[in-house]
Amino acid sequence: MEWGITGQMTEGLGMAGRPLLALLFVVSAVVAAWVAAVGWRRRGSASAVGALAFVAASIAGWSAMDGLVVMAVDAGTARMLQAAKFLAVSLVPAGLLCLALAVVDRRWHPARRTVALLGIEPVLVQIAILTSPWHHGFFRATDTADPLGVVTPEVGPLFWVHTVYSYLLMAAAMARLVRASIVGPPAQRKLYVSVLAGALAPIAANAASLTRLVPVTGLTSVGFSLTTVIIYWALVRRSLPELVPVARDRVFDMIGDAVVTIDATGRILDLNAAAERMLRRLRPGLPDRLAGLSMVDLLGALPSPEGGQSDATFTDAAGCEVDLDVHSSVLYDRRGGHAGWAVITRDVTALNRQRRDLQQANARLQEKQDELERTNTRLRDKQDELEQANARLRDKQDELEQANARLHDKQDELERGNAQLRAQLRTIELLRADLAEQAARDALTGLHNRRHLMQHLTSAIIEADDDRPLSLALLDIDHFKQVNDRYGHRAGDEVLVAFAELLGRQVRRSDIVARYGGEEFVVVFAGADAEQARARMDALRERLAERSVEADGHLLTVTFSAGVATATPGISADDLLHAADQALYAAKHGGRNQVRVAGAPEPGTSQSAA
């Protein structure tokens, strides 16, 4: 691959050859500039997108200079344009290396030292070009011209030094991507392969010129323009969510307990800082990147297929035993298959040590109590000799007082230990309550999830009667798929969040509001019959239709359709939801943006419909 020397055209292209070649370079520059502009606007989403924008901008300048060189009418102008082109050419390899590092590690950002080191070679190239008229180390004093009159300066040894350095940076970038595609997480390997495939475009362009498959050489910049398009498609259209560093990582690392996610084969997918510290304490000498390593190789076993709680003891590098309290939860994919585990591990070594110390203190206390009982027995035996043993009795009383003093000290120690244990138990209970609340909430909208709804809906139906009716509304946002298709899934998520906030503000505290799935929501009205529930849904529908929802910079008018059903004796939760779903179906087919009330549901209708 050549770095910056514009090629020649064969005589067969005729007089139209130079304009066509210039047009090709102009199109290449426009494409690269478009990728650079789009990437620059989205540079905040991921460091890899910003690196791609930098590379694309450099390639745009390279292609533009190639086009100007082709159309230059005199040798002096062509030589000046060739020299100016190398400012962009020398930046491309450094940008590609940064792009590869950012793709492999989404948290990577170029440090100032890295930028300074990578900037040394482009600066030296510019100095060599500017001083070349005196030493002729980069460009010789002579020029060559092709049959079309395109002037190309002959190159010197410093040009080849620049070429070797560029190849080394390219090789380092491709080696990093090849290694990541082999040992990296399986879900991201397609991304690495796509970026590697993009790097083949300039190689193919150069090979086509060298083998005379096309009558034009020097198409490297055109190949690089195609590279930017391929990589942009791979990053933005396929894998951008995998590269975006989110605040979850900071929260994840702030958790004091060790948290690890493992795939079904036992390889580490992600872990927080506490987990990394624990693994390095138990197994010194681990590589810098722990993601992708096998938990079986590290700790000797995988969690139970059903998850649960277990205790484990390991020995660290210093020979000290480490007691761990391990809680594992099974992870499932979208089809319900086993995808791996989420493992939360707490170091309970200190707690176990305190428990053992407390047991030993209790044992010593029991021994003192036994000794006291024996002393009292001897005292009762000596009562008959009280008159003769008064002196000895006073001595024994002093001994008893000392024993009581030691006993009080041990009791105080025991009370302090019990107080610490109670405080720890309160902390554990608070954590358990917080985890239970998180499990009952939808992660996106903050509303209760489907599992919480089904648990409370069944009990609410049992408690319902003629004096306190129970109604349920099943809501579905109209044309939600069009929002996702037209504005993107982030806009769709913002619509869901805004809709959930409005829904949560408009219901009573006694009502149950839950996200049923996708764009469907459920409201359970305690003490409301079908007409009252319909009236409240109509009021909410009209209020939503009057306002606009801002989603990803767009103002959208959002409406919904709803089906209302009222519980009857003997009905199940599934039957009630089925009746509301049928009413929702009627509202959708009746033109949307309306509320329909279902007929009295009958027990068992959900199974019959199924």
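- Per an unreviewed UniProt entry, the protein carries the name GGDEF domain-containing protein and comes from Planobispora siamensis.

### Some thoughts on the sheet that holds strand S3 (residues 258–263)
- Strand order across the open sheet formed by five strands is S4-S3-S7-S6-S5, with antiparallel pairing between neighbours. Looking at which strands have only one partner, the edges of the open sheet turn out to be strand S4 (268–271) and strand S5 (308–315). Each adjacent strand pair in this sheet contributes to an overall mean axis angle of 25°, direction not counted.
- Note: S3 against S4, three bridges, orientation antiparallel. In the strand pairing of S4, Val260 is matched with Leu271.
- Against the sheet, helix H13 (residues 349–381) touches strand S6 (321–332) and strand S7 (338–347), its axis set at about 130° to S6.

### Let's talk about the pattern of salt bridges
- Summed over the entire model, instances satisfying the criterion amount to 18 salt bridges.
- The shortest N-O distance in the salt bridge between Asp442 and Arg515 comes to 3.1 Å. Note that Asp442 is positioned in the loop between helix H14 (390–439) and helix H15 (450–463) and Arg515 in strand S9 (residues 512–517), a separation of 73 residues in sequence.
- Among the ionic pairs, Lys588 bridges to Asp476, the shortest N-O distance being 2.7 Å. Within this pair, whereas Lys588 is found in helix H19 (residues 573–589), its partner Asp476 is found in strand S8 (residues 470–477), the two being separated by 112 residues in sequence.
- The exposure class of Lys588 is buried, given its relative accessible area of 16%.
- Among the ionic contacts, a cluster of salt bridges with common partners joins Glu531, Arg534, Asp538 and Arg541.

### Re the side chain of Thr559
- Take Thr559: it is sitting in the loop between strand S12 (554–557) and strand S13 (560–566).
- A distance of 2.9 Å separates the side chain of Thr559 from the side chain of Asp478, its partner in a polar contact.
- Residue contacts for Thr559: discarding those within four places in its chain leaves Ile477, Asp478, Leu544, Ala545 and Asn593.

### Some thoughts on the packing of helix H2 (residues 47–71) against helix H4 (residues 91–104)
- Contact geometry for H2 and H4: axes closest at 8 Å, N-to-C directions at 160°. Judged by the inter-axis angle, H2 sits roughly antiparallel to H4. Crossing of H2 against H4: the hand is left-handed. Residues Ser47, Ala48, Ala51, Leu52, Phe54, Val55, Ser58, Ile59 and Trp62 of H2 pack against Leu91, Val92, Gly95, Leu96, Cys98, Leu99, Ala102 and Val103 of H4.

### Some remarks on the environment of Leu101
- With respect to the helices and strands, Leu101 occurs in helix H4.
- C-alpha separation for the pair Leu101 and Arg176, spaced 75 residues apart in sequence, amounts to 7.4 Å.
- Residues within four places of Leu101 in sequence aside, it is in contact with Trp108 and Arg176.

Definitions and limits used
Note that residues are indexed from 1 along each chain, following the sequence as it is written. Local features in this predicted model are restricted to residues whose pLDDT is 70 or higher, and side-chain atom pairs enter the listing and the counts only when it is 80 or higher, whereas totals over whole chains, interfaces and linings include all residues. Only hydrogens and water are removed before side-chain values are computed, so all heavy atoms of the structure are retained for them. Strands are treated as partners if at least two bridges between them are detected by DSSP. Each helix is a run of H or I in the DSSP string that is no shorter than four residues. Each strand is a run of E no shorter than two, and both are numbered from the N terminus. Angular values range over 0 to 180 degrees, each being the angle between N-to-C directions of two axes fitted as lines to C-alpha atoms, with helices fitted over their stretch in contact. Contacts are assigned to residue pairs with any non-hydrogen atoms lying within 4.5 Å of each other. A carboxyl oxygen of Asp or Glu within 4 Å of a side-chain nitrogen of Lys or Arg is what we treat as a salt bridge. Only protein chains enter the accessibility calculation, which uses a 1.4 Å probe; a residue is then buried when its area is under 20% of its type maximum, exposed when over 50%, and partly exposed in between. We call two N or O atoms a polar contact when they sit within 3.5 Å, provided that within protein one can donate a hydrogen and the other can accept it, with sequence-adjacent residues counted only if both atoms are side-chain atoms. The labels follow the angle: roughly parallel below 35 degrees, roughly antiparallel above 145, roughly perpendicular from 65 to 115, and oblique for the rest. Two helices cross in a left-handed way if the nearer one is turned anticlockwise from the farther one by less than a right angle. They cross in a right-handed way if the turn is clockwise.

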